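Breakdown of the fold
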Amino acid sequence: MPGPAVDAAPAAARGGDRDAAAGGGGRCTKAAAAGEWEKTYLDVLGICCTAEVALVERLLSPIAGVRAVTVVVPSRTVIVEHDTAAASQFHIVKVLNKAGLEASVRAYGGGGGAAAVVRWPRPFIVACGVLLLASLLAPLLPPLRWLALAAACVGSQPMLLRALAAAGELTLDINILMLIAVAGAAALGSYTEAGAIVFLFTVAEWLETLACTRASAGMLSLMSTVPKNVVLAETGQVVGMGDVGVGTVVAVRAGEVVPVDGVVVSGHSEVDESSLTGESFPVPKQPQSEVWAGTMNLDGYISVRTTALAENSTVAKMERLVEEAQNSRSKTQRLIDSCAKYYTPAVVVLAAGVVLVPLVLGAHDLKQWFQLSLVLLVSACPCALVLSTPVATFCALLRAARMGLLIKGGNILESLGEIRIAAFDKTGTITRGEFSINTFHVVEDKVEMSQLLYWVSSIESKSSHPMAAALVEYVQSKSIRPEPENVTEFHIYHGEGIYGAIGGKHIYIGNEKIIARSSCRAPVQEMDDLKGASNGHVICDGDLVGLFSLSDNCRTGAAKAIKELRSMGIKSVMLTGDSAAAAKHAQEQLGGILEELHSELLPEDKVRLITKFKASVGPTLMVGDGMNDAPALATADVGISMGLSGSAAAIETSHAMLMSSDILRVPKAVRLGRRTRQTIAVNVVFSISTKAAVLVLAVVWRPVLWVAVLADVGTCLLVVLHSMLLLRDTATKRSCCRTSKACCGTAKSQAKKSQHAGAPNTETTGVKGPGEKAKGCHSCHKHKHTKLPVDSVVIAIPARAGEHVHRKEVHATAEGGHTSSGGCCSASRACGGASTALAAICTPHGNGEDEVCNIISARTSCCSNKARSRCSSPKDAGCKDAVGCSGGKDSISALVC
Ligand SMILES: Nc1ncnc2c1ncn2[C@@H]1O[C@H](COP(=O)(O)OP(=O)(O)OP(=O)(O)O)[C@@H](O)[C@H]1O
Ligand SMILES: [Zn+2]
């Protein structure tokens, strides 16, 4: 498989090639933040298909002060990066409108602006329709037939402007073709037909725009929620976002949108992160909590120290990715575009021949030939074919973003649909990457425990490995403060561990391999072999001084995700840098579902294996999080990085980013890729066959111009509508109440069963989320509409404290105990803080087949103690399987569904 993955680097924005050449690859916002450049989003309704892209670029690029032009065809959006002093928004809009492109500046703060603009047909369309209708009375009053001609004239105004602009640029576009057809029909005396062509064309265009804007509303609104100004906490001064450096403390009052990514310094509040995560529940924030730009401070005053510049905020990065993805062209699209380039001129030449040859030969029924020629001309527009890929890709990318998966381009989506084998990294991907320390001891009293802990924590503070975080936290819990600033040398040995120098001591920390590297004199110690635990060694100046062991648990849903992949005919394997024992332990937790285990791998070993899979099995998916996974992620046909918790290297090199830690979205993504490929195939076949049918009909029966036009614009519209089916998550909408009832009902009945089984009481009562009335299962529609607008981009960010549970719907079913403090994360609120509560969280499946119910226990650490079980159908009250919560002091085994 010639890896499309390799050329998957996000394509530089169209017209922004100059930036790309300068090495900035679409990174234009950097300069913009400096204050000179501004990005303006324009709704340009006159963009019909990719034919207009070149036109828009050629119109705007020469304007002084315009630096980059990006045209997003499916959403009819033009993004212009310009110097406001040299080229005003007004001027840009004027230039586009002069060419009849119907441009308007998208209102700041709302992605759905365009939808409002195009809700009603424009006056010229209405006038065209009315005149055409009146002309149909011509049999009663013959002069009325002229009204049809008037209709054609009135309706074709914008077409004419666009045609002129295109002709000026020496390009042949749909507008020119249609105008020739209209003029031809008029010349033949078929005024009604001329009027009908114009009316059909304009109405179809309007409907298409309506559909497109519905699809794209919200896509570009990610960034627009972020305020442009901030209030400095110390002085109360209001300054522009561009002037805020890292480390500035800004004030965020209740009801305001957090303007920056940062850490809370003072104050307590609840923040609604739904714009980023889709979480409907406010997340409590206190000093040290992280907050993100674009989220809403609900009810308290907080001051936030910025940790990133505005252009590097999570939301800005996401927006950049989304934009780049929209503009990267997939393989299929490139193929179609290059075919379309030859198709139009070829058909136009043919059309000319059809008139000229009979003319020269002196044929009798010239009118017939002339009509055939016009039909051919109308059919020369490859609109539907050209749209068949980008609209489908666009809708699928949007769908993916809503389920928390940012895909860096349409070609990746197509590759996703071809995957034959999936390779998973272990630590942080299959497992949580949240280690707990089993043992930590000094070897033969060689050093003081406190000294050892100080060394380890100080050096580990410099590592981003999940083990490092656990070790540092462990040491801090012993009231020892790590001092990473005292570590004078630091080095990472991939697959082995780390090295650091502190206080003149040379210290290595890592697995067995690091012992050899450190030229340790002491014999390898026997560790008390805890099942599946990873063992760590601390070597100080060539002497083994400390031993520790840590363990990690598999992610909820990992086994199910792999099972689902298998049901799709995809093989799953594990690639880990950890020991064979740890790999085997994870495999046991998964019920032995992985087909191959590869352990103790170095980053280059992972690359080698991926290359092997690509050659021997086929298109390969790699899912990973660590720095050691980055090269393998880049090598795979599709590399998915896990969560924002993943290492920066993994996020950078991967082709798609899972914004939550829900591994179940991996099979969903593959399914979406398959659906996209199917949709594109159907679109292509449909648009080619209608063209062929019209031509055949014209030749064997008789050429009817309006049928050709209807087929042309109708196909375009149908292609758009068909692609929009990708946006639909049928399961979410339809099965919502049905399943919720099922869940509640079944939870109740199961609660009884589980009581017999000795499991904790899981009787059901409503659970309140903050700001919400207690919801039974019946209010889910309302809940749905208020919390998850159809057009919003929902991107899940992994929780820092505890763990978020990503959900579409919360049908809480909990037994209220005594209220307790709790409050570990948003989900704890779902549980109502009850000490023995259980909440079932149901996530309907994309394909509408089944749904997943998470059970959240609301003890002290409610969110992490969840069990997951599966209802195969809403009616199926019985449990397929139930997994007891493993780990955690308050673990609960429960049967639900
Ligand atoms: N910062 C660290 N502190 C202690 N040990 C480490 C550290 N980094 C790596 N190691 C040791 O090196 C081993 C391999 O690390 P590596 O990052 O290659 O893989 P991993 O993250 O454990 O597994 P996976 O490849 O599944 O993510 C780890 O299992 C651990 O024993
Ligand atoms: Zn990992």
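The protein chain carries the name HMA domain-containing protein in an unreviewed UniProt entry, which gives Urochloa decumbens as its organism. In UniProt, the protein chain has this text filed under Subcellular location (unreviewed entry): "Membrane". Under the heading Sequence similarities (unreviewed entry), UniProt records this for the protein chain: "Belongs to the cation transport ATPase (P-type) (TC 3.A.3) family. Type IB subfamily."

This brings us to the site of ligand 1. Contacts to ligand 1 come from 18 residues, most closely from Asp425, Glu460, Thr576, Gly577 and Lys606. For ligand 1, an oxygen atom lies 2.7 Å from a polar atom in the side chain of Thr576. Taking Gly577, its main chain carries an N or O atom lying 2.7 Å from an oxygen atom of ligand 1. Elements that contribute at least two residues to the shell around ligand 1 include exactly helix H17 (426-430) and strand E18 (497-502). Taken together, the residues that form the shell around ligand 1 break down as two nonpolar, ten polar and six charged.

Glancing now at the coordination of the zinc ion (ligand 2). Every protein donor of the zinc ion (ligand 2) is accounted for by Asp425 (OD), Thr427 (O) and Asp625 (OD), and the metal-donor separations fall at 2.2 to 2.3 Å. One way to put it: the four donor atoms around the zinc ion (ligand 2) meet at angles of 74 to 172 degrees, and that makes the site irregular. Mapped onto the polypeptide sequence, the residues donating to the zinc ion (ligand 2) form the spacing pattern D-x1-T-x197-D. Placement of the pair is Asp425 in strand E15 (residues 421-425) and Asp625 in the loop between strand E24 (620-624) and helix H24 (630-635), with a sequence separation of 200 residues. The class of Asp425 is buried, set by a relative accessible area of 3%. The buried category is assigned to Asp625, whose relative accessible area is 10%.

The next thing to look at is the packing of aromatic side chains. Evaluation of the coordinates by the stated rule reveals five aromatic pairs. Summarising the aromatic geometry, the rings of Trp146 and Tyr191 are spaced 5.2 Å apart at their centres and angled 40 degrees between planes, so their arrangement reads as tilted. Here Trp146, found in helix H7 (residues 145-155), pairs with Tyr191, found in helix H10 (residues 191-216); they are 45 residues apart in sequence, far enough to count as distant. Ring centres of Phe440 and Phe548 lie 5.4 Å apart, and the angle between their planes is 15 degrees; this geometry places the pair in the stacked category. In this pair, Phe440 sits in strand E16 (residues 436-442) while Phe548 sits in strand E21 (residues 543-551), placing the two residues 108 residues apart along the sequence. Phe548 carries the same exposure label as Phe440, and that label is buried. Members of the aromatic cluster, connected to one another through ring pairs, are Phe440, Tyr474 and Phe548. The ring of Trp146 carries Arg145 above its face, with NZ or CZ at 5.6 Å from the centroid. The ring centre of Trp701 lies 5.0 Å from the NZ or CZ of Arg702, which sits over that ring.

Attention shifts here to the nonpolar core. Soluble globular proteins tend to pack their nonpolar side chains together in the buried interior. Of all hydrophobic cores here, the largest spans 127 residues; its most connected members are Leu60, Val78, Leu96 and Leu621. When residues of this core are assigned to their parent elements, the largest contribution, 13 residues, is made by helix H15 (residues 383-402). Apart from residues no more than four positions distant in its own chain, Leu621 is found in contact with Leu416, Ile419, Ile421, Ala422, Ala423, Ala636, Val638, Ile640, Val666 and Val670. Judged by nonpolar contacts, the second largest core, of 27 residues, contains Leu453, Trp455, Ala470 and Ile502.

Take the sheet that holds strand E17 (residues 487-493) next. One open sheet accounts for six strands, arranged E16-E21-E20-E19-E18-E17; its pairing is antiparallel. This sheet does not close on itself; its edge strands, each paired only once, are E16 and E17. Direction aside, neighbouring strands of the sheet carry axes that sit 15 degrees apart on average. Where E16 meets E21, six bridges bridge the pair, whose relative direction is antiparallel. By the bridge assignment for E21, Ser436 is matched with Ser551. On the sheet, helix H19 (residues 466-477) packs against E16, strand E20 (534-540) and E21 and is oriented at approximately 65 degrees with respect to E16.

Of the strand pairs in this sheet, strand E5 (residues 229-232) and strand E6 (residues 238-240) are connected by three bridges, and their pairing is antiparallel. Bridge assignment links Val231 to a residue of E6, and that residue is Val238. Connecting the antiparallel pair E5 and E6 is a turn made up of five residues, with Gly236 showing a positive phi of about 75 degrees. In terms of strand pairing, E5 meets strand E7 (residues 249-252) through two bridges, oriented antiparallel. Residue pairing for E7: Leu232 is matched across the bridge by Val250.

The subject of this paragraph is the pairing of strand E13 (residues 302-306). For E13, the tally of buried residues reaches four of five residues, placing the bulk of the element in the interior. Looking at chain direction, E7 and E13 are connected through four bridges and run antiparallel. Bridge assignment links Val249 to a residue of E13, and that residue is Arg305. The pairing of strand E8 (residues 262-266) with E13 spans four bridges and is antiparallel.

Right, let's talk about the environment of Ile430 for a bit. For Ile430, the position within the fold is in helix H17. Residues contacting Ile430, with those up to four places away along its chain left out, are Phe424, Asp425, Cys554, Arg555, Ala558, Met574, Leu590, Leu594 and Ile663.

The next point concerns the UniProt feature "transmembrane region" (unreviewed entry) in the protein chain. UniProt annotation of "transmembrane region" (unreviewed entry) refers to residues 124-141, 172-191, 342-363, 369-398, 680-701 and 707-727 when read in the numbering used here. Along residues 172-191, the helical share is 75% and the strand share 0%, with 24 Å between the first and last C-alpha atoms. From the first C-alpha to the last, residues 707-727 spans 30 Å; its make-up is 86% helix and 0% strand.

Thresholds applied
- Here the residue numbers are simple positions, counted from 1 along each chain's written sequence.
- Working convention: letters from A go to chains and numbers from 1 go to ligands, in the order in which they are written.
- Residues qualify for local features only when their pLDDT is at least 70, as the model is predicted, and side-chain atom pairs are given and counted only at 80 or more; totals for whole chains, interfaces and linings, by contrast, use all residues.
- The basis for every side-chain value is the complete set of heavy atoms in the structure, and neither hydrogens nor water enter the calculation.
- UniProt positions are given in the numbering used here, feature names are shortened, and annotations may be inferred rather than shown by experiment.
- Throughout, the term near means that a residue has one or more heavy atoms lying within 4 Å of the molecule or strand in question.
- Think of a polar contact as two N or O atoms within 3.5 Å of one another; within protein, one of them needs to be a possible hydrogen donor and the other a possible acceptor, and neighboring residues in sequence only count if both atoms come from side chains.
- Secondary structure elements are taken from DSSP: a helix is a run of H or I of four residues or more, a strand is a run of E of two residues or more, and numbering for both begins at the N terminus.
- Three categories are distinguished: nonpolar for Ala, Val, Leu, Ile, Met, Phe, Trp, Tyr, Cys and Pro, charged for Asp, Glu, Lys and Arg, and polar for the others, with Gly belonging to the last.
- Donor atoms (N, O, S) are those found within 2.8 Å of the metal centre, with the cutoff raised to 3.2 Å for Na, K and Ca; water is not part of the atom list, so apparent gaps in a site can occur.
- The rule is simple: four donors are tetrahedral if all their angles sit between 85 and 135 degrees, four are square planar and six octahedral if opposite donors span more than 155 degrees and the others lie between 65 and 115, and anything that fits none of that is irregular.
- Accessibility here uses a 1.4 Å probe with only protein chains present; expressed as a share of the type maximum, an area under 20% marks a residue as buried, one over 50% as exposed, and anything in between as partly exposed.
- Here the aromatic set is Phe, Tyr and Trp, taking the six-membered ring for Trp, and pairing holds for ring centres within 6.5 Å; pairs whose planes are under 30 degrees apart are stacked, those over 60 apart are edge-to-face, and all others are tilted.
- Criterion for a charge above a ring: Lys NZ or Arg CZ within 6 Å of the ring centre, and within 35 degrees of the ring normal.
- For the purposes of this section, nonpolar cores are sets of buried Ala, Val, Leu, Ile, Met, Phe, Trp, Tyr and Cys residues that join through side-chain atoms within 4.5 Å.
- The contact definition used throughout considers only heavy atoms, calling two residues in contact when any of these lie within 4.5 Å.
- Being paired, for any two strands, means DSSP has found at least two bridges between them.
- All axes are obtained by fitting lines to C-alpha atoms, using only the stretch in contact for helices, and the reported angles, taken between N-to-C directions, cover 0 to 180 degrees.

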